[in-house]
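So you can see what is in the structure, the chains are spelled out below.
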Amino acid sequence: MNYIQQAMEIARGTNCVGDTTFFQAIEEVLTSIKPFIKKNPEYIEHNIIERIISPNREIRFKIEWLDDKNRIHVNNGYRIQFNNALGPYKGGVRFHPSVNPDILKFLAFEQIFKNAITGLHIGGAKGGADFDPKGKSDQEIMKFCQAFMTAFYNSIGEDIDILGGDIGVGEREVGYLFGQYKMLTNSYDSIITSKPIALGGSEGRISATGYGLVYFTQTLLEDMGETLKGKICTISGSGNVAIHAIEKLYDIGAIPVTCSDSKGTIHDPNGIDLALLKQIKLEQRASLELYAEEKKTAAYVKREDYQGGSYVWDIPCFAAFPCATQNELGEESAKKLIDNDVKIIAEGANMPTTTQGIELFMKHQILFAPAKAANAGGVAVSVLEMSQNSAFNYWSPEEIDQKLQEIMSKIYKDIKKICDEYNLDMDLAAGANILGFKRVAKAMVAQGV
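Computed from a predicted model, the values in this text were never measured in an experiment.

Moving on, we get to the sheet that holds strand β4 (residues 93–95). Taking strand neighbours across the sheet as the criterion, the 4 strands line up as β1-β2-β5-β4 in an open arrangement whose pairing is mixed. The open sheet has two free edges, formed respectively by β1 (57–66) and β4, since each of these has just one partner strand. Ignoring strand direction, the axes of neighbouring strands in this sheet form an average angle of 15 degrees. As paired elements, β1 and strand β2 (residues 72–83) share 10 bridges and run antiparallel to each other.

What follows concerns the layout of surface pockets. Its boundaries defined by the atoms lining it, the second largest pocket holds a volume of some 460 Å³. Lining the second largest pocket are 20 residues, with Glu28, Ser32, Thr355, Ile358 and Ala429 sitting closest to its centre. Of all the secondary-structure elements, those providing two or more residues to the lining of the second largest pocket are α2 (20–32), α14 (355–363), α15 (371–374) and α18 (428–447). Here the lining of the second largest pocket takes 5 residues from α2, the largest share from any one element. Of the residues that constitute the lining of the second largest pocket, the class distribution is 8 nonpolar, 5 polar and 7 charged.

Grouped together as the largest cluster of nonpolar side chains are 103 residues, with contacts concentrated most on Ile49, Phe109, Leu228, Phe321 and Phe437. Setting aside anything within four residues of it in sequence, one finds Phe437 in contact with Ile33, Phe36, Ile37, Ile48, Ile49, Ile52 and Phe113. Ile59, Trp65, Met149 and Tyr181 belong to the second-largest nonpolar core, a separate cluster that totals 24 residues.

Next up on the list: a nonpolar patch on the surface. Together, Leu66, Ile72 and Val74 give the surface a local cluster of nonpolar side chains, amounting to about 290 Å² of exposed area. Note that Val74 resides in strand β2. Residue class for Val74 comes out exposed when judged on its relative accessible area of 53%.

It is worth spelling out the side chain of Thr234 at this point. Its location among the elements puts Thr234 in strand β7 (residues 232–235). Here Thr234 is in contact with Val257, Thr258, Val312, Trp313, Ile315, Cys317, Ala319, Ala320 and Phe321, once residues within four sequence places are set aside.

With that settled, the discussion passes to the sheet that holds strand β13 (residues 344–346). With respect to topology, 5 strands assemble into an open sheet ordered β8-β7-β12-β13-β14, the strand pairing being parallel. The sheet terminates laterally at β8 (255–256) and β14 (367–369), the two strands that pair on one side only.

A few words now on the packing of aromatic side chains. Overall, the coordinates contain 23 aromatic pairs when judged by the stated rule. Both rings, one in Phe216 and one in Tyr412, keep their centres 5.9 Å apart while their planes meet at 80 degrees; by these two values the pair is edge-to-face. One end of the pair, Phe216, is in helix α9 (residues 208–223); the other, Tyr412, is in helix α17 (residues 397–421), with 196 residues separating them in the sequence. Across the pair, exposure class does not vary: Phe216 and Tyr412 are buried alike.

The subject of this paragraph is the pairing of strand β5 (residues 124–129). For β5, the tally of buried residues reaches 6 of 6 residues, placing the bulk of the element in the interior. Residues Gly124, Lys126 and Gly128 of β5 are buried on one face, and the alternating residues Ala125, Gly127 and Ala129, pointing to the opposite face, are buried as well. Pairing analysis gives 3 bridges linking β4 to β5, with the strands arranged parallel. When the bridges of β5 are listed, Phe95 appears paired with Ala129.

On to the pattern of salt bridges. Inspection of the entire model under this criterion finds 23 salt bridges. Glu421 is paired through a salt bridge with Lys39; the nearest N and O atoms lie 3.5 Å apart. A residue pair is termed long-range when its members are at least 10 positions apart, and Glu421 in helix α17 and Lys39 in helix α3 (residues 34–39) qualify at 382 residues. A residue is classified by how much of its surface remains accessible, and Glu421, at 38% relative accessible area, is partly exposed. Between Glu332 and Lys335 there is a salt bridge whose closest N-O contact spans 3.5 Å. Remark: Lys335 and Glu332 occur in helix α13 (residues 331–339); sequence separation between them is 3 residues, near one turn of the helix. Take Glu332: its relative accessible area is 48%, and that puts it in the partly exposed class. Connected through salt bridges with shared partners, the residues Glu28, Glu110 and Lys372 form a single ionic network.

To continue, consider the pairing of β2. Count of turn residues in the β1/β2 antiparallel hairpin: 5 residues, of which Asn70 carries a positive phi of about 65 degrees. Of the pairings in the sheet, the one linking β2 to β5 comprises 6 bridges and is antiparallel in character. Bridge pairing in β5 links Arg79 to Gly127.

Time to look at helix α7 (residues 138–152). The end-to-end C-alpha distance of α7, which contains 15 residues, comes to 22 Å, matching closely the 21 Å that a straight helix rising 1.5 Å per residue would cover. The set of residues buried in α7 consists of Glu140, Ile141, Phe144, Cys145, Ala147, Phe148, Met149 and Phe152. Tucked inside the fold, the buried residues of α7 contact β1, β2, β4, β5 and α8 (171–185).

Next up on the list: the environment of Met8. Examined against the element boundaries, Met8 turns out to sit in helix α1 (residues 3–14). Spatially, the C-alpha atom of Met8 lies 7.2 Å from that of Glu27, the residues being 19 residues apart in sequence.

The subject of this paragraph is empty space enclosed by the protein. Under the definition given, this model contains 1 cavity of 30 Å³ or more. If you add up the space inside the largest cavity, you get close to 50 Å³. Lining the largest cavity, in full, are Gly264, Thr265, Val301, Lys302, Arg303, Tyr306, Gly309, Ser310 and Tyr311. Of all the elements in the fold, those that place two or more residues in the lining of the largest cavity are β10 (264–267) and β11 (299–302). Residue composition of the lining of the largest cavity, by class: 3 nonpolar, 4 polar and 2 charged.

Attention shifts here to the side chain of Asn375. With respect to the secondary-structure elements, Asn375 resides in the loop between α15 and α16 (377–391). Polar contacts involving the side chain of Asn375 include one to the side chain of Lys114, which spans 3.0 Å. At 3.4 Å, the side chain of Asn375 and the side chain of Asn350 are in polar contact. Sequence-distant contacts of Asn375, defined by excluding residues within four places in its chain, comprise Lys114, Thr209, Glu347, Gly348, Ala349 and Asn350.

Cut-offs and rules
- Residues numbered from 1 in each chain as written.
- Predicted model: local features only at pLDDT ≥ 70, side-chain atom pairs only at ≥ 80, totals over all residues.
- Heavy atoms only, no water.
- Pairing = 2+ DSSP bridges.
- Helix = DSSP H or I, 4+ residues; strand = E, 2+ residues; numbered from the N terminus.
- Axes fitted to C-alpha atoms, helices over the stretch in contact; angles between N-to-C directions.
- 1 Å grid on protein atoms, 1.4 Å probe; cavity = no way out; pocket = protein on both sides within 12 Å on 5 of 7 lines; lining within 4 Å.
- Points joined across faces, edges and corners; volume = space filled by probe spheres on them.
- Nonpolar A, V, L, I, M, F, W, Y, C, P; charged D, E, K, R; others polar.
- Core = buried A, V, L, I, M, F, W, Y, C linked by side-chain atoms within 4.5 Å.
- Buried < 20%, exposed > 50% of the residue type's maximum accessible area, 1.4 Å probe, protein only.
- Contact = heavy atoms within 4.5 Å.
- Patch = residues over 30% accessible without salt bridge, like charges linked within 9 Å, V, L, I, M, F, W, Y side chains within 5 Å.
- Areas by Shrake-Rupley, 256 points an atom, 1.4 Å probe, with all protein chains shown as cover.
- Salt bridge = Lys/Arg side-chain N within 4 Å of Asp/Glu carboxyl O.
- Phe/Tyr/Trp six-rings, centres within 6.5 Å; stacked < 30°, edge-to-face > 60°.
- Expected span 1.5 Å × (residues − 1).
- Polar contact = N/O pair within 3.5 Å; in protein donor to acceptor, adjacent residues only side chain to side chain.

Purely spatial values, then, with no claim about function.
In structure tokens:
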């Protein structure tokens, strides 16, 4: 049994049997860095792999809060502070019923390498609670956010751990979390990003992940002599990442024709009506069923009426952008995309493509832009927000967008350089993993044990 296999066995023995998503993430990274470890055996001597796959801290706490009828509710809160070799922990906070330690460990582990490949000095973490914001009043959201922050505020700090937005945590929730931290500590420390502009947030942060996804994809395609302009694109999801990816696709002349939510999929062959989508999802916070009622040219397929993944991947396209959730694009969906002559898959969500799906894309030489590179725009602009806060500075939307484009372009070029160095052809997933691992491992060695 080789060193990497031994590390995998140790991980399985020291984590819960149910941590399947976390194990999937570990296996994906460790398998792809074999050429780097073979060329750099000193990292075996420092036992970096076994050290890097174990979280520094796993925090679990109880959240007690009152609803509008003064009934007491209890939720579970978590923070996985995974690795801070490169800088303070950094990662989002997610409020969703599906939140559990397995999902958060996977997200935090991925965040280490995503943050590292940006070239910015931040570590990796993730947190959240099994709280469902849907159907809650603004007052209830505020009370929950205050209770969440009160339960663990003493575990974070601007040089320790910086939070951010994620699923279920937008500007409103970030504002409430920040306000409670300020009240508890009497400080205006920059302990959370994705803040409203009025609280020191950065222009362009809300759109950064979706915009960055398109910038990365366009840079990659231009390197191949291609473009997204005039091309049919399919997008899953209808949250922040998906909406802003659709917006930027229109900006560069592409034609986005799908979006989806937990209840079903919209296919609008004339192109998604962005204004209507924003109205339904950002203002009304309603189901995409309303889209089909408004736009008779669009088809709506309920998830319960469709078997075998998401209907999004049945639609012929040039580029596919999975922007919904982990493991949404499986083997059968990958086969459909390949049969429909897809040219590139660019991940907007975290690990949305299964291992089997990725293997199929690689086998058929489909360009594959992995999430830890393609969706790094959000964390990149979060660090720009931190920089502005520290310097009491402010950059215009145009300046932020220019910096974002430069960062996404550099990420691609750095990964491509690794691919060339290790003869990986266009295996950008392996290139991204090696690049991130190399930067974190060098910092760990430099700090000793």
